[in-house]
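Read off the chains here:
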Amino acid sequence: MYKNILCAVDVSSEGEIVLLKAAALAELYGSQLSIAHIIEYTFLPKDYQKKLKEDVLPVIQEMTKKHNIKKKNRYVKFGKPYSEICALENKHNIDLIVIGSHEKRGVKAFLGSTAHAVLQQATCDVLLVKLR
Ligand code: AMP
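The structure contained in this document is the topic of the report that follows. No experiment lies behind these values; they were computed from the predicted model shown.

The subject of this paragraph is the nonpolar core. Of all hydrophobic cores here, the largest spans 22 residues; its most connected members are Ile 5, Leu 19 and Leu 33. Among the elements of the structure, strand 1 (4-8), helix 1 (13-29), strand 2 (32-40), helix 2 (46-66), strand 4 (96-102) and strand 5 (125-131) are those that each provide at least two residues to this core. Considering each element in turn, this core owes the most residues, six residues, to helix 1. With residues up to four places along the chain from it excluded, the contact list for Leu 19 reads Cys 7, Val 9, Leu 33, Ile 35, Met 63, His 67 and Ile 69. Judged by nonpolar contacts, the second largest core, of 16 residues, contains Leu 6, Ala 36, Ile 38 and Val 126.

Structure representation (structure tokens):
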């Protein structure tokens, strides 16, 4: 049903919860699974950005290895998470994005979240994995 699944992960323990669901779906449908982590663009010096990437890479590499995701399907980019995730969707013919979603109530529900923005911008199906 889905050929190319993209899982958007942050580097918290919740990333693994979202990835587990994406990996199970990829197994079920025989889909190619990709993983994306976006480092929020900062106006700090290039060296600092390089350091941020160096810190995050081992975590993403570990997740990739654990779920047998091909290296070429691992994306670590700089930018706004929702817009980079949607750019990857278009570039790589993604037909399902799997992303975590926190329950937000009151004023927080009106503030932008990555999951909400992706849901609005993506042209493919989006699976929201509920996180507590
Ligand atoms: P948030 O909107 O920050 O509550 O995050 C909800 C979900 O969006 C997370 O569970 C991830 O699936 C995804 N996400 C958040 N931040 C990032 C990021 N920097 N890179 C990739 N995905 C992210």
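As a volume, the second largest pocket reaches approximately 170 Å³. What lines the second largest pocket is simply Ala 23, Ala 26, Glu 27, Ser 31, Gln 32, Leu 33, His 67, Asn 68, Ile 69, Lys 70 and Asn 73. Among the secondary structure elements, those contributing two or more residues to the lining of the second largest pocket are helix 1 and strand 2. If one sorts the elements of the lining of the second largest pocket by residue count, helix 1 sits on top with three residues. The residue makeup of the lining of the second largest pocket, split by class, is four nonpolar, five polar and two charged.

Let us now look at the pairing of strand 4. The buried fraction of strand 4 is high, at six of seven residues. Inspection of the sheet shows strand 1 paired to strand 4 by three bridges, in the parallel sense. Each bridged residue has a counterpart across the sheet, and for Leu 6 the counterpart in strand 4 is Ile 97. Two strands pair when backbone bridges link them, and strand 4 and strand 5 are joined in this way by seven bridges, in the parallel orientation.

About the thresholds
- Residues numbered from 1 in each chain as written.
- Predicted model: local features only at pLDDT ≥ 70, side-chain atom pairs only at ≥ 80, totals over all residues.
- Heavy atoms only, no water.
- Core = buried A, V, L, I, M, F, W, Y, C linked by side-chain atoms within 4.5 Å.
- Buried < 20%, exposed > 50% of the residue type's maximum accessible area, 1.4 Å probe, protein only.
- Helix = DSSP H or I, 4+ residues; strand = E, 2+ residues; numbered from the N terminus.
- Contact = heavy atoms within 4.5 Å.
- 1 Å grid on protein atoms, 1.4 Å probe; cavity = no way out; pocket = protein on both sides within 12 Å on 5 of 7 lines; lining within 4 Å.
- Points joined across faces, edges and corners; volume = space filled by probe spheres on them.
- Nonpolar A, V, L, I, M, F, W, Y, C, P; charged D, E, K, R; others polar.
- Pairing = 2+ DSSP bridges.

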